[in-house]
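A closer look at the structure
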Amino acid sequence: MSERQGPILVMGVSGAGKSTIARGLADRLGGVYVDADDLHPEENVATMARGEPLTDELRWGWLDLVAKAMAETEPFAVVACSALKRAYRDRLRAHLGPFPIIYLDGDYELLRDRMSDREGHYMPVSLLDSQFEALQPPTPEEEAICVSVTPPPEQVLETALKKLSSRLQGGPDGSGQADHTPRRTS
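Parameters and conventions
- Residues numbered from 1 in each chain as written.
- Predicted model: local features only at pLDDT ≥ 70, side-chain atom pairs only at ≥ 80, totals over all residues.
- Heavy atoms only, no water.
- Pairing = 2+ DSSP bridges.
- Helix = DSSP H or I, 4+ residues; strand = E, 2+ residues; numbered from the N terminus.
- Axes fitted to C-alpha atoms, helices over the stretch in contact; angles between N-to-C directions.
- Contact = heavy atoms within 4.5 Å.

With parallel pairing, five strands are arranged side by side in an open sheet as S2-S3-S1-S4-S5. Across the chains shown, the open sheet's two edge strands, defined by having one partner strand only, are strand S2 (32–35) and strand S5 (145–148). Strand-to-strand twist in this sheet, taken as the mean axis angle between neighbours without regard to direction, amounts to 20°. Bridge count for S2 against strand S3 (residues 77–80) is four bridges, and the pairing is parallel. Each residue of the ladder has a partner; that of Tyr-33, found in S3, is Val-78. Against the sheet, helix H3 (residues 56–72) makes contact with strand S1 (8–11), S2 and S3, and its axis sits at roughly 155° relative to S3, the strand it touches most.

In this section: unusual backbone geometry. The omega torsion across Glu-74 and Pro-75 is 0°, close enough to zero to call that bond cis. Examined against the element boundaries, Pro-75 turns out to sit in the loop between H3 and S3. Phi is positive for Ala-83, which is not a glycine, with a value near 40°. Summarising the element assignment, Ala-83 is placed in the loop between S3 and helix H4 (86–96).

Purely spatial values, then, with no claim about function.
This is the structure:
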């Protein structure tokens, strides 16, 4: 890549594997892994630890910190961030312009089981319901790369890397179009 690589967002609900996949992408692409959870103010962490979902008001300042980290991390950030609602992703784009999004898609039962097996995380399994209620999967105009998290993490990482590499190199047909967007010929 001759141009500077910009930030990459790995999004999805809790338990989808955002940290694992973002860390793997950062390692493979030469970026820096950033966990947006580490940027939450203490008030947000305490709210979630009590089993209460965050309000939009509690998220705005946190999203601004995430955008700042995405903009300032060198050579580029690969960020694990829930970014559940379109408005949250729009807020990040308002600071940064467009950037690639990897959307980790998984079903409720699978993710609940994964969260139940996890230790030392402040996000209780009880908040998974509110995450699915808030989730607004990326729309086609967002050109997100959707990756199923049903396979093992290594396979999810390989799929994400392959799709992302294709996107960064101009799309599967060199048109610059995402795989799901038909190429306009007229």
